[in-house]
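Results of the structural survey
One-letter residues, chain by chain:
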Amino acid sequence: MTLSTFDKLQSRFDAQAAQGMDEVFQFHFSDAGSHYLVVKDGSLAIQEGEHDDPSVSLSLSTDTLKGIMSGEVNGMTAFMTGRLKATGNVMLATRLTSLFPNH
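Nothing here was measured: the structure is a model prediction, and the numbers come from that model. (Residues numbered from 1 in each chain as written. Predicted model: local features only at pLDDT ≥ 70, side-chain atom pairs only at ≥ 80, totals over all residues. Heavy atoms only, no water.)

1. Some points on the pattern of salt bridges
Tallied over the entire structure, the rule returns one salt bridge. As a salt-bridge pair, Asp22 and Lys40 come within 3.8 Å of each other at their nearest N and O atoms. Taken together, the positions of Asp22 in strand β1 (residues 22–29) and Lys40 in strand β2 (residues 35–40) put the pair 18 residues apart, joining distant regions of the chain. (Salt bridge = Lys/Arg side-chain N within 4 Å of Asp/Glu carboxyl O. Helix = DSSP H or I, 4+ residues; strand = E, 2+ residues; numbered from the N terminus.)

2. Some points on the pairing of strand β3 (residues 43–48)
Both β2 and β3 contribute to a ladder of six bridges, which runs antiparallel. Across the sheet, residue Tyr36 finds its bridge partner in β3, namely Gln47. Linking two consecutive strands that pair antiparallel, namely β2 and β3, is a turn of two residues; a positive phi of about 45° is found at Asp41 within it. (Pairing = 2+ DSSP bridges.)

3. Description of helix α2 (residues 62–70)
For α2, every residue scored as buried is listed here: Thr62, Thr64, Leu65, Gly67, Ile68 and Met69. Directly after α2, the chain includes Gly71, whose backbone phi takes a positive value near 90°. (Buried < 20%, exposed > 50% of the residue type's maximum accessible area, 1.4 Å probe, protein only.)

4. Points about the packing of aromatic side chains
Summed over the entire model, instances satisfying the criterion amount to two aromatic pairs. An angle of 50° between the planes, with centres 5.7 Å apart, marks the rings of Phe13 and Phe100 as tilted. Taken together, the positions of Phe13 in the loop between α1 (3–12) and β1 and Phe100 in the segment after α5 (96–99) put the pair 87 residues apart, joining distant regions of the chain. Residue class for Phe13 comes out buried when judged on its relative accessible area of 15%. Taking the centre distance of 5.7 Å and the plane angle of 5° together, the rings of Phe27 and Phe29 count as stacked. For Phe29, a relative accessible area of 8% puts it in the buried group. (Phe/Tyr/Trp six-rings, centres within 6.5 Å; stacked < 30°, edge-to-face > 60°.)

Printed below as a string of C-alpha cells:
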C-alpha cells in the first residue's frame, strides 16, 4: 500500500467522530503489507505490521479500500461479494466511512 493512501486517510480523519473511541483497525492487504490504525479519543496513529489484539481485522486489496473510502464501492457489497473479509467486531468496520468522511 502506498503511503500516500494513508496520508490521505490522516488528512481526512474526523477527530470529532472518534471521540471516546479506543479501537484498532487491522488491514491485511492482498497486494501490500499489513497496516493498522489506532483510533483513540479523537487521535489517529497509523502503524505498519500486525497488532496483537485488533478490534477488527479487514482483509482486502488496496483498490477495494480506495473504492470504499472514495464512496465508489459500498463496503457492505464488498463484504457480501467476498472482496472484503472481516473478523472481530465487524460492525466497527461500518464506522470507517464516518471516521474518514469524503469531503
